[in-house]
Amino acid sequence: MAEESAGGQNRTNAFVVSARKRFIQRVTKTVGEGTLLAIASFVAIVVIFIFYFVAKDAIPFFQIRGFQEFFTTTGWYPADDPAKFGAFAIIYGSLMVTLGSALIAVPMGVAAAICLSDILPFSIRQYAKPVIEMLAAIPSVAFGFFALVVLAPLLQEKGGLLMMWAWWLIAAPFMTLMIIIFADLLTTNIADPKRRKQLNLLLTALFGLIGVALLYRVGSVLSSIQILTGTNALNVSIILSFMALPTIVSVSEDALQAVGRDLREGSYALGATRAETIMKTILPAASSGILAAVILGIMRALGETMVVWMASGNSAHIPEPFFNYFEAVRTLTATIAGDMGEADQVTGSARFHVLFAMGLLLLVISFICNLVSERIVVRQRKILSGQ
Amino acid sequence: MNLGTRKILDRSFTALGIGSIVIMALALMIVIVPIVTNGIGALFFTGTVEHRKMLFHEFKRGDSQKLTEESASAERYRAKVYEMLSGFEAELETMAPEKKREYQPKYTEVRTALQALLGPLPGDPEPMLTRFKYGQTRWEKAEAKLHDLLYEVKWDNSDPNVMSKEYFVSRAISFEGTSLVKLFPYVENNISKMLLPEFTFYWGFITDSSVDSHFFGGIWPEIQGTFFLAVGAMLFAFPLGVIAAVYFTEYARPGFFNSMLRSANSTLAGVPSIVFGMFGLAFFINTLKVSESKSVIAGALTLAIMILPTIIRAAEEAILAVPKTYREASLSLGSTKWNTIVTVILPAALPGILTGGVISLGRAAGETAPIIFTAAVSVGSAIGLADVFSSPTPALSWNIYNLASEHEAAAQIRHVQYGMALALVSIVLLLNLSAIVLRARISKKLKG
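Residues numbered from 1 in each chain as written. Chains lettered and ligands numbered in written order. Predicted model: local features only at pLDDT ≥ 70, side-chain atom pairs only at ≥ 80, totals over all residues. Heavy atoms only, no water.

Undergrad: How would you explain the overall build of chain A if you had to name every residue and give the values?
TA: Regarding its fold elements, chain A presents 14 helices and two strands. Counting only C-alpha atoms and orienting by the principal axes, one finds that chain A spans roughly 95 × 75 × 35 Å. Sorting the 387 residues of chain A into buried and exposed places 48% on the buried side. For chain A, long-range pairs separated by at least 24 residues make up 74% of all intrachain contacts whose partners lie at least 6 apart in sequence. (Helix = DSSP H or I, 4+ residues; strand = E, 2+ residues; numbered from the N terminus. Buried < 20%, exposed > 50% of the residue type's maximum accessible area, 1.4 Å probe, protein only. Contact = heavy atoms within 4.5 Å.)

Undergrad: Outline the overall build of chain B, listing residues and values.
TA: Summing up its helical and strand segments, chain B has 17 helices and six strands in all. For a compact globule of 448 residues, the expected C-alpha radius of gyration is about 22 Å, and chain B comes in at 31 Å, more than 25% above that figure. In terms of overall dimensions, chain B has C-alpha extents of about 105 × 75 × 45 Å along its principal axes. Relative to its 448 residues, chain B shows a buried fraction of 50%. Sequence separation of 24 or more characterises 70% of the internal contacts of chain B that already satisfy a separation of 6 or more. Carbon and sulfur atoms make up 63% of the accessible area of chain B, which amounts to about 21,000 Å² in all. In chain B, 41 positive and 38 negative side-chain charges are present, and the distance between their average locations comes to 12 Å. (Rg over C-alpha atoms; globule rule 2.2 N^0.38 Å. Areas by Shrake-Rupley, 256 points an atom, 1.4 Å probe, with all protein chains shown as cover. Lys, Arg positive; Asp, Glu negative; His and termini not counted. Charge placed at Lys NZ, Arg CZ, Asp CG, Glu CD.)

Undergrad: Pulling in residues and values, what's your account of the interface of chain A and chain B?
TA: Accessible area lost on assembly of the parts is the figure often given for the size of an interface. In this assembly, 85 residues from chain A lie in contact with 85 residues from chain B. Across the chain A to chain B interface the summed buried area is about 7,300 Å²; carbon plus sulfur atoms make up 81%. When the area that chain A buries against chain B is broken down by residue, the three leading residues are A:Leu36, A:Met134 and A:Phe145, summing to 9%. The tally of links between chain A and chain B comes to three salt bridges. (Buried area = accessible area lost by both parts, 1.4 Å probe. Salt bridge = Lys/Arg side-chain N within 4 Å of Asp/Glu carboxyl O.)

Undergrad: Break down the domain arrangement of chain B for me, with residues and values.
TA: We note that the domain assignment places domain 1 (49-202) and domain 2 (220-447) within chain B. Computed over C-alpha atoms, the centres of domain 1 of chain B and domain 2 of chain B are 50 Å apart. (Domains from an automatic or database assignment.)

Undergrad: Requested: an account of unusual backbone geometry, with residues and values cited.
TA: Among all residues save glycine, negative phi is the norm, and among peptide bonds the norm is trans. In this structure, the amide linkage connecting A:Glu320 to the following residue, A:Pro321, adopts the cis form with an omega of -10°. Relative to the elements of secondary structure, A:Pro321 occurs in the loop between helix H12 (306-311) and helix H13 (332-343). Within the chain, A:Asn314 stands out as a residue other than glycine whose phi angle is a positive 50°. By the secondary structure assignment, A:Asn314 is in the loop between H12 and H13. One non-glycine residue, B:Ser213, adopts positive backbone phi at about 35°. Along the polypeptide, B:Ser213 turns up in the loop between strand S5 (210-211) and strand S6 (216-217).

Undergrad: Which residues make up helix H16 (residues 396-406) of chain B, and what are the values?
TA: Of all 11 residues that make up H16(B), nine are buried, and the element is covered over most of its length. Taken together, the buried positions of H16(B) are B:Leu396, B:Ser397, B:Trp398, B:Asn399, B:Ile400, B:Tyr401, B:Asn402, B:Leu403 and B:Ala404.

Undergrad: Please set out the pattern of salt bridges residue by residue, giving values where relevant.
TA: Note on pairing: side chains with opposite charge can pair once their charged atoms come close. Residues and elements named next belong to chain B. Scanning all chains against the criterion turns up 27 salt bridges over all chains. Aspartate 124 is paired through a salt bridge with arginine 111; the nearest N and O atoms lie 2.6 Å apart. Taken as a pair, aspartate 124 in the loop between helix H4 (97-118) and helix H5 (139-150) and arginine 111 in helix H4 lie far apart in primary sequence, 13 residues in all. A residue is classified by how much of its surface remains accessible, and aspartate 124, at 22% relative accessible area, is partly exposed. On the basis of relative accessible area, arginine 111 is assigned to the buried category, the value being 18%. Where glutamate 408 meets arginine 131, a salt bridge forms, and the shortest distance between an N and an O atom there is 3.0 Å.

Undergrad: Could you give an account of the confidence of the model for chain A, naming the residues involved and the relevant values?
TA: Scored by pLDDT, chain A has a mean of 86; 94% of the residues are at 70 or more. Counting interchain partners and residues more than four positions distant, the pLDDT-below-50 stretch residues 1-12 of chain A has zero contacts. (pLDDT = per-residue confidence, 0-100.)

Undergrad: Help me get a handle on the nonpolar core, residues and values and all.
TA: Grouped burial of nonpolar side chains is what soluble globular proteins tend to show. Among the nonpolar cores identified, the biggest contains 199 residues, and A:Ile50, A:Phe143, A:Met340, A:Met358 and B:Ile274 are the most heavily contacted of them. For this core, the element with the highest residue contribution is helix H12 (residues 296-321) of chain B, accounting for 15 residues. Both domains that meet at this core, namely domain 1 (49-202) and domain 2 (220-447) of chain B, each give it at least three residues. Sequence-distant contacts of A:Phe143, that is, excluding residues within four places in its chain, are made with A:Leu135, A:Ile138, A:Ile239, A:Phe242, A:Met243, A:Val307 and B:Val31. (Core = buried A, V, L, I, M, F, W, Y, C linked by side-chain atoms within 4.5 Å.)

Undergrad: Quick one: what's the story with the side chain of B:Arg78, residue by residue and with numbers?
TA: Mapped onto the fold, B:Arg78 is located in helix H3 (residues 64-94). Residues within four places of B:Arg78 in sequence aside, it is in contact with B:Val49, B:Glu50, B:Lys53, B:Leu118, B:Met194 and B:Leu195.

Undergrad: Please provide a residue-by-residue account of the packing of aromatic side chains, values included.
TA: Taken as a whole and assessed by the stated rule, the structure comprises 35 aromatic pairs over all chains. Relative to A:Phe53, the ring of A:Phe49 has its centre 5.8 Å away and its plane inclined at 55°; by these criteria the two rings are tilted. Residue A:Phe49 and its partner A:Phe53 are both found in helix H3 (residues 42-65); the two are separated by four residues, about one turn of the helix. For A:Phe53, a relative accessible area of 6% corresponds to the buried category. With 5.9 Å between their ring centres and 70° between their planes, B:Phe279 and B:Phe284 make a pair best called edge-to-face. Residue B:Phe284 is classed as buried on the basis of its relative accessible area of 7%. Cluster of aromatic residues (ring-pair linked, three or more members): A:Phe61, A:Phe62, A:Phe67, A:Phe70, A:Phe71, A:Trp76 and A:Phe85. The ring of B:Phe248 has B:Arg262 sitting right over it, with the charged end atom 4.8 Å from the ring centre. (Phe/Tyr/Trp six-rings, centres within 6.5 Å; stacked < 30°, edge-to-face > 60°. Lys NZ or Arg CZ within 6 Å of the ring centre and 35° of its normal.)

Undergrad: Report on H4(B), specifying residues and quantitative values.
TA: Residues and elements named next belong to chain B. Between the first and last C-alpha of H4 there are 30 Å, a value that for 22 residues agrees with the 32 Å anticipated at 1.5 Å per step. Along H4, the largest kink reaches about 30° and is centred on tyrosine 103; proline proline 105 follows within four residues of it. Within H4 the residues assigned to the buried category are Tyr103, Tyr107, Val110, Arg111, Ala113, Leu114, Leu117 and Leu118. Summarising the contacts, the buried residues of H4 are in contact with helix H2 (49-59), H3, H5, helix H6 (171-174) and helix H7 (183-195). Immediately beyond the C-terminal end of H4, within one or two residues, lies glycine 119, with a positive phi of roughly 95°. (Expected span 1.5 Å × (residues − 1). Bend = angle between axes of the 7 residues up to and from the residue.)

Structure below.
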């Protein structure tokens, strides 16, 4: 009993505070919060520092050489005398592998995200998510090693055959689906059910023949392709798409989840199938969020270093013709990583600063992409919550 | 559209989604399986007597008496080879000059192939590089070298429209009519007696340092370097990140400044990793001069900046996931806000914060680009804890690149590269797996 009353005494004392004590409390609170704020703004300071220090070493290059040579010419001979710093082919290489990886990763990533958020039951989703996380966790150098040691020889020896298989696997189901839809759409207006069915069958058979011929023709063209070097833009695009996938999937899944239940249920109530609900209701509502996901995924591919350095072939030229993915390319990141070692000893030369100019270019692109995607996400959230 | 088509579309849509997830899982498998299966080959393989010799001479490990016996029995079979060689050399001297000119280069090729297979031959000068002091230490490599000895590679250029194809010609045929012709079948039949292959578990691959730029030995310096870099980065980033997360979740008031800080955080998360490396070089080394040139501390600081946004985000999520009732209960008992944070919220959020920390640790261990200019060297011994402020270190991620792309004999040490890749991937994936398990347990606990 005595102890309890003593405790009560203390508790009441805690509320009766002298002016001095209150002052001390306020000071410690301000100082403490100030310290916390300082530590939290550390991130902002770091970002400013990164911009400052990269730009500081990049600007001398533009002062010495100007902009025109860097952005418009393709001769990259930094070690020659006189040196040439035409980075257009390198910028083009970066864009090419980024675009290639986006072409593979975006459809797959969005499909996977839809599947995770709307199709799979929760029990399976639980196991699918760790797979994506593991894919995101594999170090880039391991991907690069795989690309260089396993995928490159495979592409070089059996590239045509592999592409033919991929073409059949991807195109055949799609074509079948297309044929069914087209035949259906063309015959919807016929009133007589018997005639409609006959015409439908006829059209399906006709389209089917054309489709098989097309499949076979493209397949045989693909299988006859000889890939001269396995370390090329295609190899890098495939691996980069693996690396961009987790980002695209998780961000688009968030965007799809943000579309509420009411929209879905409204669509189902109107008699739409699940596919129609997704295509006509959910995807339009989540489109801006998915766009943000695509931007983030592309950024991951653009900023990736080790894979492109190891497996892109590192040849600074524009492929011939310009969409030829079977040729070696060189990217900004790989150039920075590869040339810094040699340029390091002559700090202050144009050769050292040109690499920082490339770094600045990457930094600015990633900064803009980030801001845009952030804006998009915020806007989508506002619109959806407004509804 | 009729109902049947709509149903087919619906089904195919489901199939598309499931297919893409399956492809993703397959991609994971396709990348991991070769690394794991070949990587295990660096630890478990069929080792020859040369491997045991190497272990004994370079690492003073193994049973010396057994090794002497084995060497003696191998030497008995090898002696006959040496005999044949010296016999042929004598024969070569007695040949007519033009015949001698014909056989001499071919004989040199045979000798080189035998050196690669069995190690230095009697009468050879002591090799300078360790890689030439021993024959093939791994049985599958010895078989490849045996093939080199038995067959000569020729290129078929007859059709100018097709890429030239290689084909093999038996060397025994080109030595027809000389005493050396008996050597080839002899070596082929007795190779296992000359090399004594036996199943080996080379645990030293993890704990030994490398000999002669990774031709022999293990990867301990790289593992240690990776450990130093990742843990060093965590030491800087973890406290900072958690404190920043506390500020963002508990103290920050919505407004321009706060949204700017958040923007900065996501910008930092999106900066390409190579740019972190350039920043580390320009800031930590060239401006702050934390060390003369590359050092562990510069690399760890650079990595710390890279993983900071991840830690902040994870910690924020963990803190926000703490039920409101905890906070209210604590405040109602009269404790201050700061007291509540330290004694109630942070302990409750700790597992979640740790999950983020573990994932970041894996990221720091696996990242290569930021340490290229700030911390990594290709060859080096393990460094002591006192050297982290001054000396660079080899690291798994960098050395995988270096061995695979820049090593002078990259194709000969594939097993080491695979072993390193396996080590790195298993470190990172184990960290991630533990994070996943940890998180699953937390969510179970929070659900009650």
